Amino acid sequence: MATAGSAVGLGNIWKFPYIAGENGGGVFLIIYLVCVLLFGMPLLITEFYIGKHSGKSAFGAFRALRNNGRWQWLSWLCMLTSLIIMGFYFVVTGWCFHYVVAALTHTFKGMDSASLTSHFEAFSSNGLLELLYGFIAVLITACILWFDVNKGIERLSKILMPLLLIMMILMAGRVLMLDGSSTGMRFFFQADFSKLTPQVVLSALGQCFFSLSIGMGVLITYGAYMPKNQNLTTTSLQVAVIDTIVAVFAGMIIFPAVFAFGFNPAEGPELVFVVLPAIFEKMSFAWFSSILFFLLLCVAALTSTISLMEVVVAFLTEATAHTKHPLDRHKSVIVVFVLVMAMISACIFLPYVFKESDVVSSCILMPLNALAMVLFVGWFLPKKDIQHELCKHNDWRRYLPMVYIQIVRYLVPLAIIAIFLNGIGIW
Ligand code: TRP
């Protein structure tokens, strides 16, 4: 459940609908689901396995399993990826905060789609205001890590996240009753294969990694905390299913509304933020439900920022432990705080940095990290250990390790390379 909580976040509710909208809707959904099955599942198992088998976080796991430092670069690359993600993730978390305040002050009352779009444009062109909200998000996250109250937040989110899902179900129901919503449902559920391009496939792959938090070493750490008798296959399946359900629900809310209110599905990163207030206007208890929803969205975003920042803080502490200048937890929090503030300033004041860090992390770094991890497990670790981990009982699952090993040795690496080269236009 903790892993599912880390996986579900802005990736599902903000990023999934906007990427799907930019990449043709239905055809993207199908490719995305295939990616989750073909790459998401094996990679969840792979990262969990690295953590569970070594009992170490991303920093020490590769060294512990191979007994040499030759794979250490991969943990650094994972950290670099987390840092890049934090830049734009905190900016969008700041947007969520702004929308809570705007909902509280009745800003969206009576606004049509054009004025909702211009509200967002006015907000996002006010760099200092955006920076202020981003700063608040970073500060809250850093304080939670500083005072070590993550456990309390985790307990809180166990109540709040199901509430978010209930709200999403209600909203999906309301949106379906809007005039013109069926066009949106067709856009999202009917695949038009003429829109299928290498770019769509690479975007789906990147989105699958981003949404499942794959390729950042985060899951290695979660794996290290798993009890010995935890079944990796079942756990991975559960995480993948929960994460995908939330993303599909988000699509079922956004796309019918996009067409009913006359927005553009390929609007870009602001899509969800301009469409959601329009939906609340049509709901009963509009004021209350919009505040509640944006608050819950902030909690979903914060649980992800906490886990992202925690991993980098822990990494810094471990990496500097035996050097001349060891950083304790508090010092690491300060260092990461400064780095993240620099990242979000760059994302806000240089718009291409925002877009590029999103694309570079999802479509380049995560696939490369994932590729390295499957090669590591498939070719460099003893097969019998994997066999032992994946199949402790003598039931139908005894075929699973063999299938899994073939998949991580050949299918996943070759497919990632092909999709990657295709997507960036080299092949
Ligand atoms: N999967 C998260 C989401 O969908 C985002 C994310 C990516 C993340 N990497 C992470 C969250 C690492 C926590 C830790 O929003």
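What counts, and where the lines are drawn
- Residues numbered from 1 in each chain as written.
- Predicted model: local features only at pLDDT ≥ 70, side-chain atom pairs only at ≥ 80, totals over all residues.
- Heavy atoms only, no water.
- Core = buried A, V, L, I, M, F, W, Y, C linked by side-chain atoms within 4.5 Å.
- Buried < 20%, exposed > 50% of the residue type's maximum accessible area, 1.4 Å probe, protein only.
- Helix = DSSP H or I, 4+ residues; strand = E, 2+ residues; numbered from the N terminus.
- Contact = heavy atoms within 4.5 Å.
- Near = heavy atom within 4 Å.
- Polar contact = N/O pair within 3.5 Å; in protein donor to acceptor, adjacent residues only side chain to side chain.
- Areas by Shrake-Rupley, 256 points an atom, 1.4 Å probe, with all protein chains shown as cover.
- Nonpolar A, V, L, I, M, F, W, Y, C, P; charged D, E, K, R; others polar.
- Patch = residues over 30% accessible without salt bridge, like charges linked within 9 Å, V, L, I, M, F, W, Y side chains within 5 Å.
- Salt bridge = Lys/Arg side-chain N within 4 Å of Asp/Glu carboxyl O.
- Expected span 1.5 Å × (residues − 1).
- Bend = angle between axes of the 7 residues up to and from the residue.

This part takes up the nonpolar core. Core analysis: the biggest nonpolar cluster contains 159 residues, and Phe-39, Phe-209 and Phe-293 have the highest contact counts within it. Counting residues per element, this core draws most heavily on helix α14 (residues 286-320), which supplies 19 residues. Apart from residues no more than four positions distant in its own chain, Phe-39 is found in contact with Val-34, Leu-205, Phe-209, Val-412, Ala-415, Ile-416 and Ile-419.

Taken together, 15 residues are adjacent to the ligand, and Ala-7, Gly-11, Tyr-89, Phe-210 and Met-216 come closest. Contact distances for the ligand include 3.2 Å between an oxygen atom and a side-chain N or O atom of Asn-12. With respect to the ligand, the side chain of Tyr-89 contributes an N or O atom lying 2.5 Å from an oxygen atom. Computed on the free molecule, the ligand has an accessible area of 360 Å², of which 100% lies beneath the protein chains in the complex. Secondary-structure elements contributing two or more residues to the shell around the ligand are α1 (2-7), α2 (10-22), α10 (198-211) and α14. A per-class count over the shell around the ligand returns 7 nonpolar, 8 polar and no charged.

The next subject is a nonpolar patch on the surface. Taken together, Ile-30, Val-34, Leu-37, Leu-38, Phe-193, Leu-196 and Leu-411 make up a surface patch of nonpolar side chains, about 610 Å² in accessible area. Top contributing element to the nonpolar patch by residue count: helix α3 (residues 26-54), with 4 residues. By relative accessible area, Ile-30 is classed as partly exposed at 36%.

The terminal C-alpha atoms of α3 lie 40 Å apart, and with 29 residues this matches the ideal 42 Å at 1.5 Å per residue to within 8%. Roughly 35 degrees is the biggest bend found in α3, and it falls at Val-36. Counting buried positions over the 29 residues of α3 gives 23, a clear majority of the element. Of the residues trailing α3, Gly-55 is marked for its positive phi of about 70 degrees.

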